[in-house]
Amino acid sequence: MTSAVDDDGRYESSVGPALAGLRVLDEGTKAILDMLRERDGSEERTVPAVLHETSIRHSYPYDWRTNQPVILRATKQWFIDTHALRDQARRCASEVKIFPHDEQGKKNLMQQLERPHWCISRQRVWGVPLPVFYDSVTEELVQHDGIVEHVACIIEREGSDAWWERSEKDLLPLAVVHDYERRGQPLPKKGRDILDIWMDSGVTWQELESRTADLVIEGQDQYRGWFQSTLLTSVADRGSAPYKRVLVHGFTVDKHGLKMSKSAGNVISPDTITRGTTGRGLGTDLLRWWVCRTGTLHGQPTCSDEILVSYANEVKRLRALIRLMLGCISDYNPSTDAPSYEQLHLLDRYFLHQLFLYDQTVWLHYNQLQYHGVAKETVSFMVTQLSQLYVPAMKHRLYCWRTDSTERRSVQYVLHSVLQCIQTALTPVLPFITHDVARYLKPGDSPQLKTRRPLPLELYSPSVEEMVQPALRVRERLCVQHSSSVLASLPTTRLDLALAAHPPVLDQLLVPLSKLQPEPYSNSSVLCNLLQVASVTLTHPTIETPLQDELAVTITLSESPMRPCLRCRRYCATPPAELCGECAQFLQDWNEASSSGSTGGTKDELQVHPSQVGR
């Protein structure tokens, strides 16, 4: 097979003087059309060969850098017979785990292994040269065992530019040079081809020596690129895959779904995200959080100012909750103040159970390289479980009980456990925040140098979760009913709740709820704290009581006649008293202890109220 087009994209002299030297896609095309329009006077050519000329729109290869059309030429190239490696490469690839979708990933990789040959030569003026020489007369390949080794030594000493800078006499072994000079023949000419860049990068596994990479990460276009080249070269050389796991990611797109590229001008620079254009950026933690949130999703991660601001608000909320917890344990010493598990409050044991589940789930996501799952679980746990459920339920014990009481230390034990768990779990994603946590928990400690320690198995308590779940279902129903009632303008902490369970769930609901509130009426029970209401009344329904929903319970809300206690701020003080019975008794005991010199805390400590939580 011959090609009538030279390296400059012009017709060679073999096609005739009328076309020789003309550019194929420019004046060459015009010249050919002119020749076809001419009549040569013969009987066979009484009419022109071109009857009509028009432009049509069709698919054609374009160079992605210059946006110019590509000329397809038949040229001599170097190939690897991948068909000989295919079966072994398939076996090795089947043992590799591909994320995020293993089955589809293996399918994509296997499809690329079907090509019979791999062209490893390229025509460029830069790159790693192919160390080959061609006879100056016959242009046949010169084969000599010492050529490759001799050239390799020169390039290792001087770099790949030596191939272009040195003459053939320097690049050829002395034995070859003397042989050609003895025969009076001109020296062979060095080749002008370079190695395919995928061949260059495809042998990076040699840096591992005899080891295998635990993980490689690249874009989804590398099934036909780096993933395949490293696999084929490793299989050919040592008979095994060069990696154990592969993480495939998409390409960042803008808010319109267009791929970000410098040519399109829609790139958001990471430096702009972290530092901003005026010196006030969103920070490195935010950039890492965005990668964690979107980088391992199956698709193209979207980056826009709106999305970045949204994720920045998530990070700020996480930081605020961490700061709140650090403030709550400022007087807590884990080595001396930690209660035993049996001494923990029921709600604290329930939340530690949720912490145990969070820890297990997060590290499962890490092991499966599902970093978006890490972020999702963290937001759900910190916002839903901690901020919306646990903090409102525990703040009375934290702020209104004696500083050294078991009830208060129980809360601090939980918060300290959460901080330790979060510190380890989020260090790969939010290292600056977790480093700040370490400065307060244990000055001089570095979370980046820590390894994860699983939480104690005793924290896993399905029985406690089973006990609390009915109350949480009631809480969900309460939130829905409250938002649509006439009392929606009042917080639930100002409302009395009457709960009646119907026969279908009478035993399944009232029995678990009675463990959280043994008495029919209470304004200080565990159930009150969970539901965040002024009081709870558990009643058996009458026959006339209508069934409200499939939960088979009736919830009645009414504004509490009580007034807010000046100390604990709960609506449980009987008018005209300003303090509830619990706080009045506490202050009386404290005054008596104060007069004897053993208060267990200062007066200022006792007057802190739960309304300060979150400020």
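One structure accompanies this document, and this report is about it. (Residues numbered from 1 in each chain as written. Predicted model: local features only at pLDDT ≥ 70, side-chain atom pairs only at ≥ 80, totals over all residues. Heavy atoms only, no water.)

### Concerning the overall build of the protein
(1) Moving on: For the protein, the count of helices and strands is 22 helices and 15 strands.
(2) Moving on: Taking 25 Å as the expected radius of gyration for a compact globule of 615 residues, we find that the protein reaches 38 Å, considerably beyond that expectation.
(3) Moving on: For the protein, the spread of C-alpha atoms along the principal axes amounts to about 120 × 65 × 50 Å.
(4) Moving on: Averaging the locations of the 66 positively and 74 negatively charged side chains of the protein gives two centres separated by 4 Å. (Helix = DSSP H or I, 4+ residues; strand = E, 2+ residues; numbered from the N terminus. Rg over C-alpha atoms; globule rule 2.2 N^0.38 Å. Lys, Arg positive; Asp, Glu negative; His and termini not counted. Charge placed at Lys NZ, Arg CZ, Asp CG, Glu CD.)

### With respect to helix α21 (residues 581–596)
(1) Moving on: When the terminal C-alpha atoms of α21 are compared, their 23 Å separation across 16 residues agrees well with the 22 Å that a helix rising 1.5 Å per residue should span.
(2) Moving on: Buried within α21 we find Cys583, Phe586, Trp590 and Ala593. Taken around the axis of α21, the buried residues stretch over an arc of 90°, which confines them to a single face. Residues of α21 that are exposed and point over 90 degrees away from its buried face: Gly581, Ser595 and Ser596. (Expected span 1.5 Å × (residues − 1). Buried < 20%, exposed > 50% of the residue type's maximum accessible area, 1.4 Å probe, protein only. Arc of directions from axis to C-beta.)

### As for empty space enclosed by the protein
(1) Moving on: Counted by the stated rule, this structure contains 1 cavity of 30 Å³ or more.
(2) Moving on: One number sums up the size of the largest cavity: a volume of about 40 Å³.
(3) Moving on: Sorting the residues of the lining of the largest cavity by element identifies α14 (346–367) and α15 (371–400) as the ones contributing at least two each.
(4) Moving on: In terms of residue class, the lining of the largest cavity is built from 7 nonpolar, no polar and no charged. (1 Å grid on protein atoms, 1.4 Å probe; cavity = no way out; pocket = protein on both sides within 12 Å on 5 of 7 lines; lining within 4 Å. Points joined across faces, edges and corners; volume = space filled by probe spheres on them. Nonpolar A, V, L, I, M, F, W, Y, C, P; charged D, E, K, R; others polar.)

### Structural notes on the packing of aromatic side chains
A ring pair, where both rings are aromatic, is described by two values, the distance of the centres and the angle of the planes.
(1) Moving on: With the rule as written, the count across this model stands at 10 aromatic pairs.
(2) Moving on: On the numbers, 5.5 Å between centres and 40° between planes, the contact of Phe356 with Tyr460 is tilted. You can see Phe356 sitting in helix α14 and its partner Tyr460 sitting in the loop between α17 (431–441) and α18 (462–483), a full 104 residues away along the chain.
(3) Moving on: Residues Tyr366 and Tyr371 carry aromatic rings whose centres are separated by 5.9 Å and whose planes lie at 65° to one another, so their mutual orientation is edge-to-face.
(4) Moving on: On the basis of relative accessibility, which here comes to 25%, the residue Tyr371 falls in the partly exposed class. (Phe/Tyr/Trp six-rings, centres within 6.5 Å; stacked < 30°, edge-to-face > 60°.)

### A short note on the sheet that holds strand β2 (residues 97–99)
(1) Moving on: Here we have 3 strands laid out as an open sheet, ordered β2-β9-β8, and parallel in their pairing. Where the open sheet ends on each side, the last strands, each with one partner, are β2 and β8 (213–219). Going from strand to strand, the sheet's axes swing by 20° on average, the running direction of each strand aside.
(2) Moving on: Along the sheet, helix α3 (residues 102–112) contacts β2 and β9 (243–249); its crossing angle with β2, the most-contacted strand, is approximately 105°. (Pairing = 2+ DSSP bridges. Axes fitted to C-alpha atoms, helices over the stretch in contact; angles between N-to-C directions. Contact = heavy atoms within 4.5 Å.)

### Let's talk about the nonpolar core
(1) Moving on: Ranked by internal contacts, the top residues of the largest apolar core, which has 66 residues, are Trp289, Ile322, Tyr358, Met382, Leu386 and Leu415.
(2) Moving on: For this core, the secondary structure elements donating two or more residues are α11 (284–294), α12 (305–328), α14, α15, α16 (406–426), α17 and β15 (571–573).
(3) Moving on: Sorting elements by how many residues they give to this core places α15 first, with 13 residues.
(4) Moving on: Aside from chain neighbours lying at most four places away, what touches Ile322 is Met382, Leu419, Ile422, Ile433 and Val437. (Core = buried A, V, L, I, M, F, W, Y, C linked by side-chain atoms within 4.5 Å.)

### Here's the deal with the pattern of salt bridges
(1) Moving on: Tallying each qualifying case throughout the model produces 26 salt bridges.
(2) Moving on: We note a salt bridge from Asp179 to Arg182, for which the minimum N-O separation is 2.7 Å. Residue Asp179 and its partner Arg182 are both found in helix α7 (residues 174–182); the two are separated by 3 residues, about one turn of the helix.
(3) Moving on: Given a relative accessible area of 27%, Asp179 falls into the partly exposed group.
(4) Moving on: As a salt-bridge pair, Asp436 and Arg319 come within 3.2 Å of each other at their nearest N and O atoms. (Salt bridge = Lys/Arg side-chain N within 4 Å of Asp/Glu carboxyl O.)

### Comments concerning the sheet that holds strand β12 (residues 535–539)
Strand-to-strand pairing in sheets goes through backbone hydrogen bonds, with the strands running parallel or antiparallel.
(1) Moving on: The sheet built from 4 strands is open, its strands ordered β11-β12-β10-β13 with mixed pairing. Taken across any chain shown, the strands that pair with only one partner, and hence form the sheet edges, are β11 (521–522) and β13 (553–559).
(2) Moving on: Where strand β10 (residues 495–501) lies against β12, 5 bridges are found, and the strand directions are parallel. Bridge pairing in β12 links Leu499 to Leu538.
(3) Moving on: Taken strand by strand, α18 contacts β10 and β13, and its axis lies near 55° from that of β13.

### What to know about a nonpolar patch on the surface
(1) Moving on: A surface patch of nonpolar side chains, amounting to about 300 Å² of accessible area, comprises Leu25, Tyr60 and Tyr62.
(2) Moving on: Within the fold, Tyr60 resides in the loop between α1 (27–37) and β1 (79–81).
(3) Moving on: Residue Tyr60 is classed as partly exposed on the basis of its relative accessible area of 33%. (Patch = residues over 30% accessible without salt bridge, like charges linked within 9 Å, V, L, I, M, F, W, Y side chains within 5 Å. Areas by Shrake-Rupley, 256 points an atom, 1.4 Å probe, with all protein chains shown as cover.)

### A look at the pairing of β12
(1) Moving on: Where β11 and β12 come together, 2 bridges link them in antiparallel fashion. Bridge pairing links Tyr521 to Thr537 in β12.

### Describing the packing of α14 against α15
(1) Moving on: Closest axis-to-axis distance for the α14/α15 pair is 10 Å, and the angle between their directions is 170°. Taken together, the axes of α14 and α15 lie roughly antiparallel to each other. In this structure, α14 uses Leu347, Asp348, Tyr350, Phe351, Gln354, Leu355, Tyr358, Thr361, Val362, His365 and Tyr366 to contact α15, whose residues at the interface are Tyr371, Gly373, Val374, Glu377, Thr378, Phe381, Gln385, Leu386, Leu389, Tyr390, Ala393 and Arg397.
(2) Moving on: In terms of residue class, the contact of α14 with α15 is made up of 14 nonpolar, 6 polar and 3 charged. (Parallel < 35°, antiparallel > 145°, perpendicular 65-115°, else oblique.)

### Looking at α3
(1) Moving on: Three or more residues of α3 are buried, namely Gly105, Lys106 and Leu109. One face of α3 carries all of its buried residues, which in axial projection span an arc of 95°.
(2) Moving on: Tucked into the core, α3 has its buried residues touching α2 (86–94), β2, α9 (226–238) and β9.

### Some points on the side chain of Asp285
(1) Moving on: Considering the arrangement of structural elements, one finds Asp285 in helix α11.
(2) Moving on: Buried and unpaired, Asp285 has Arg288 as its nearest opposite-charge partner, separated by 5.1 Å.
(3) Moving on: Engagement of the side chain of Asp285 in a polar contact is seen with the backbone nitrogen of Ile433, the distance being 3.1 Å. (Polar contact = N/O pair within 3.5 Å; in protein donor to acceptor, adjacent residues only side chain to side chain.)

### Side note on unusual backbone geometry
(1) Moving on: The amide bond that connects Phe99 to the next residue, Pro100, takes the cis arrangement and shows omega of 10°.
(2) Moving on: Structurally, the position occupied by Pro100 is in the loop between β2 and α3.
(3) Moving on: A cis amide bond links Pro575 to the next residue, Pro576, at an omega of 5°.
(4) Moving on: Topologically, Pro576 is positioned in the loop between β15 and α21.
(5) Moving on: Even without being glycine, Leu369 reaches a positive phi, approximately 60°.
(6) Moving on: Residue Leu369 is classed as buried on the basis of its relative accessible area of 3%.

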